[in-house]
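One-letter residues, chain by chain:
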Amino acid sequence: MNAPPNHESLRSGSDAVVDWLTNGTRDQRFIDNIFAEMCVRLQQAGIPLKRATLHILIQHPQWLGARFMWSDGMREAELARVDFDVRERSEYIGSSANEIQDGATEVRENLEQDPALGRKHALYDEMRAKGLTDYIAWPLYHTLGKQHLITFATDRRGGFDEADIVALKKLLPVLALVSEIRVKNRLARTLLETYVGSHAGELILAGATRRGTGTTVRAAIMICDLREFTRISDNWPRDDVIDLLNDYFDAMSEPIARHGGEILKFIGDGLLAIFPLSAPNACANLLHAVTEARQAMVALNERNNGTGRAPLNYGIGVHVGDVMYGNIGSSSRLDFTVIGPAVNMASRLEALTKQLGKTVLLSRDFADLVAREFELERMGEHAVRGFSEPIELFAFPG
């Protein structure tokens, strides 16, 4: 490890890594796998690499970014998500990421020198404790001004030499291109999952973008609506209304996702979700999600009560049937959704919750599929707007 480097061998080895990044990663989907293999190949090329990180800013509703960390002996990079408030915390303030974000084009720290003479940050102390001797960080530039961060560290006495630095710098433009492609692919997937749901997103990425195309899916359909939202939105400050809606949707949405449902859309203060019957126990899973959502709403109302807000009430209508699942809209603006009489029925049942004083109403078709597992309350037959025959309804107590 401490022998003088063969610069010619190092140069040819690093060129091989550049060639691999350019031509050998076409079938690699994930940047973390590419990054880990790149680090191993750099070691094999003679660069005394001991630790490396790649920090990527992403567009995600929950995370500011992601950090991939590789260290000697690892075949896969370790992933850590980065919260939006990280820039207010000590782990960021004074770090290399902070310096690069503020405009530095390079941050290098000699970890062998007296710590009193170097930068003051917990990261450098941690690396010294692990026997690392040299650390360098560079911005990684993507197109249109997007800037990320890459770092390298070694434990060789004397740190990286000039040939090492030249070889590592040579990688950066190619790694930037390779990583940007993967980051944008992941971004496209994330945006679709965020705005249309994971299953619809997969279909759209697979090419289901033609108007009028779709498939017939048998599913349990759930429609939920917040009560007295018009009064709330008319009388509350705008930001309070937005916070309220976000809290309400969190309470409803997270249990749906946990139990295999897919939210297709938010409609004002309502939501439409489906549980495809291709999944085992889909109907039971829907009611488990409703049970957890109720508990979350109770907790939310308790918190709201502590701030003087009135409790939130809601209604849920549930039916099961065949729906057309696909693209509907104008020639230039499409919506990926479900339509059909089964969706209309779920909507009508949600409206009937007000009239019948129940928070959750189920159709007979749905109730027959879960009656052995759940205690239901028979509500008798009721006329449902848009349907010629009365429908037998059940309430889900709780």
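Going by the structure above, here's the rest.
Residues numbered from 1 in each chain as written. Predicted model: local features only at pLDDT ≥ 70, side-chain atom pairs only at ≥ 80, totals over all residues. Heavy atoms only, no water.

## Focus: the overall build of the protein chain
For step 1, the next point in the chain: A tally of helices and strands in the protein chain yields eleven helices and 14 strands.
For step 2, the next point in the chain: Counting all 398 residues of the protein chain, 46% fall into the buried class.
For step 3, the next point in the chain: Contacts in the protein chain between residues at least 24 apart in sequence constitute 61% of all its contacts with a sequence separation of at least 6.
For step 4, the next point in the chain: For the protein chain, the accessible area works out to roughly 20600 Å², and carbon and sulfur atoms hold 50% of it. (Helix = DSSP H or I, 4+ residues; strand = E, 2+ residues; numbered from the N terminus. Buried < 20%, exposed > 50% of the residue type's maximum accessible area, 1.4 Å probe, protein only. Contact = heavy atoms within 4.5 Å. Areas by Shrake-Rupley, 256 points an atom, 1.4 Å probe, with all protein chains shown as cover.)

## Quick notes on the packing of aromatic side chains
For step 1, the next point in the chain: Scanning all chains against the criterion turns up five aromatic pairs.
For step 2, the next point in the chain: On the numbers, 5.6 Å between centres and 75° between planes, the contact of Y124 with Y135 is edge-to-face. Highlighted residues: Y124 in helix 4 (residues 122-129) and Y135 in strand 5 (residues 134-141), separated in sequence by eleven residues.
For step 3, the next point in the chain: One aromatic cluster is present, formed by Y248, F249 and F266 through successive ring pairs. (Phe/Tyr/Trp six-rings, centres within 6.5 Å; stacked < 30°, edge-to-face > 60°.)

## Things to note about the sheet that holds strand 6 (residues 147-154)
For step 1, the next point in the chain: Strand order in this open sheet of six strands is 3-2-1-6-5-4, and the pairing throughout is antiparallel. At either margin of the open sheet sits one strand with a lone partner, and together these are strand 3 (78-82) and strand 4 (107-110). Neighbouring strand axes in the sheet, compared pairwise and without regard to direction, differ in orientation by 15° on average.
For step 2, the next point in the chain: Where strand 1 (residues 51-57) meets strand 2 (residues 65-71), seven bridges bridge the pair, whose relative direction is antiparallel. Paired with T53 across the strands is M69, a residue of strand 2.
For step 3, the next point in the chain: Across the face of the sheet, helix 2 (residues 31-44) comes into contact with strand 1, strand 2 and strand 6 while running at roughly 30° to strand 2. (Pairing = 2+ DSSP bridges. Axes fitted to C-alpha atoms, helices over the stretch in contact; angles between N-to-C directions.)

## Observations concerning the pairing of strand 3
For step 1, the next point in the chain: As paired elements, strand 2 and strand 3 share five bridges and run antiparallel to each other. Paired with G65 across the strands is V82, a residue of strand 3.
For step 2, the next point in the chain: Once strand 2 ends, the chain turns through six residues before running back antiparallel as strand 3, passing G73 with a positive phi of about 100°.

## Brief notes about helix 2
For step 1, the next point in the chain: Over its 14 residues, helix 2 extends 20 Å from the first C-alpha to the last, a length consistent with the 20 Å expected when each residue adds 1.5 Å.
For step 2, the next point in the chain: Backbone geometry just downstream of helix 2 places G46 in the positive-phi region, at approximately 105°. (Expected span 1.5 Å × (residues − 1).)

## Observations concerning the environment of L140
For step 1, the next point in the chain: Tracing the sequence through the fold places L140 in strand 5.
For step 2, the next point in the chain: Classification of L140 as buried rests on a relative accessible area of 1%.
For step 3, the next point in the chain: Sequence separation between L140 and L177 is 37 residues; the distance between their C-alpha atoms is 9.7 Å.
For step 4, the next point in the chain: When near neighbours in sequence (up to four residues on either side) are disregarded, L140 contacts L54, K146, Q147, H148, L149, L172, L175, A176 and S179.

## Looking at the side chain of H148
For step 1, the next point in the chain: Counting through the fold element by element, H148 comes out in strand 6.
For step 2, the next point in the chain: By relative accessible area, which is 5% here, H148 ends up buried.
For step 3, the next point in the chain: A distance of 3.0 Å separates a polar side-chain atom of H148 from the backbone nitrogen of L57.
For step 4, the next point in the chain: For H148, the contacting residues outside a window of four places in its chain are H55, I56, L57, W138, P139, L140 and H142. (Polar contact = N/O pair within 3.5 Å; in protein donor to acceptor, adjacent residues only side chain to side chain.)

## Thoughts on the packing of helix 8 (residues 238-258) against helix 9 (residues 282-306)
For step 1, the next point in the chain: Interaxial distance between helix 8 and helix 9 falls to 8 Å at its minimum, and their mutual angle equals 155°. Taken together, the axes of helix 8 and helix 9 lie roughly antiparallel to each other. The hand of the helix 8/helix 9 crossing is right-handed. Taking contact as the criterion, the partners of D247, Y248, A251, M252, P255, I256 and R258 in helix 8 are, on helix 9, A289, E292, A293, A296, M297 and L300.
For step 2, the next point in the chain: For the contact of helix 8 with helix 9, a count of residues per class yields ten nonpolar, no polar and three charged. (Parallel < 35°, antiparallel > 145°, perpendicular 65-115°, else oblique. Left-handed = near helix turned anticlockwise from the far one by under 90°. Nonpolar A, V, L, I, M, F, W, Y, C, P; charged D, E, K, R; others polar.)

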